[in-house]
Amino acid sequence: MASLKNQFHDLGHGPLRNAVLLGIVSIPFTIGINWAFAFDGVQVLPLFIACVASGYLSRSQRVNGMQAGIVTGISGGIPILFWQSGVAISAWWGNPILVDVVGDSWLMNASSAGAGVLTAGILTGVLIVVGIIGGLLGQWMDDRFSGEQPVNRETERA
């Protein structure tokens with residue numbers, strides 16, 4: 001239990017603080033672009049840009065760019081996760097085909113809730129992949145374009 005407490009402390013006060021803050025800063029832009037421009041899908045471009053920035057800034061925090069990208073992707077993707085899970089629940093709730101199969105019973109409610117949970121699980125995986133790709137891209141950009149020599153971030157933490 002103590003290690004879990006230390007991990008949460010590291011997210012708010014430690015080397016991953018910038019990653020969390022970049023994820024939180026991307027939330028209004030993600031909501032805005034999805035509200036204004038995307039009607040049938042979810043746009044994660046602001047979140048991806050935040051993951052790239054997090055990976056780029058990871059050298060100054062002595063953190064692996066992939067780890068910083070994952071933290072940014074999860075912290076900035078929480079609204080997407082909740083919104084899409086709600087959309088899945090509302091799509092399954094009262095669906096005429098589902099009502100014909102199971103009737104208007106507790107099974108329909110359970111399948112609707114299951115669809116929401118499944119959507120949340122799949123989207124968590126997608127957000128992790130977006131974070132990994134963005135963080136590694138940002139780390140590569142930092143290694144490629146900065147004047148410093150590439151460092152081994154894993155040995156630097158020890």
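Keep in mind that what you see is a predicted model, and the values were worked out from it rather than measured. Throughout this document, residue positions are counted from 1 along each chain, in the order its sequence is written. The predicted nature of this model means local features are confined to residues of pLDDT at least 70 and side-chain atom pairs, given and counted, to a pLDDT of 80 or more, with totals for whole chains, interfaces and linings taken over all residues. With hydrogens and water set aside, each side-chain value is computed from the structure's full complement of heavy atoms.

## A word on the packing of aromatic side chains
Then, in step 1: Aromatic pairs are defined between Phe, Tyr and Trp rings, using the six-membered ring for Trp, whenever the two ring centres lie within 6.5 Å; interplanar angles under 30 degrees are classed as stacked, those over 60 as edge-to-face, and all others as tilted. Throughout the structure, instances matching the rule amount to one aromatic pair.
Then, in step 2: Relative to phenylalanine 145, the ring of tryptophan 140 has its centre 6.0 Å away and its plane inclined at 75°; by these criteria the two rings are edge-to-face.
Then, in step 3: On the accessibility criterion, phenylalanine 145 (57% relative accessible area) is exposed. The buried label applies to any residue whose accessible area, calculated with a 1.4 Å probe on protein chains only, is under 20% of its type's maximum; exposed applies above 50%, and partly exposed to all values in between.

## Details of the pattern of salt bridges
Then, in step 1: What makes a salt bridge here is a side-chain nitrogen of Lys or Arg within 4 Å of a carboxyl oxygen of Asp or Glu, nothing more. In this structure the tally under the stated criterion is two salt bridges.
Then, in step 2: Put simply, aspartate 142 and arginine 59 hold a salt bridge, and the shortest N to O gap is 2.7 Å. Pair noted here: aspartate 142 is in helix H7 (residues 106-145) and arginine 59 is in helix H4 (residues 58-61), with a separation of 83 residues, a long-range link. Arginine 59 shares its class with aspartate 142; the two are buried.
Then, in step 3: A salt bridge links aspartate 143 to arginine 59; the shortest N-O distance between them is 2.7 Å. Of this pair, aspartate 143 sits in helix H7 while arginine 59 sits in helix H4, and the two are 84 residues apart along the sequence.
Then, in step 4: It is possible to trace a salt-bridge network through shared partners that takes in Arg59, Asp142 and Asp143. Working definition: helices are DSSP H or I runs of at least four residues, strands are E runs of at least two. Numbering for both runs from the N terminus.

## Here's the deal with a nonpolar patch on the surface
Then, in step 1: Taken together, the side chains of Leu118, Ile122 and Val126 make up a nonpolar region of the molecular surface, amounting to roughly 280 Å² of accessible area.
Then, in step 2: Secondary-structure assignment places valine 126 in helix H7. Think of a patch as exposed residues, more than 30% relative accessible area, with no salt bridge, where like charges cluster within 9 Å and nonpolar side chains (Val, Leu, Ile, Met, Phe, Trp, Tyr) cluster within 5 Å. With residues, only the protein chains shown are counted as cover, and all accessible areas are computed by Shrake-Rupley using a 1.4 Å probe.

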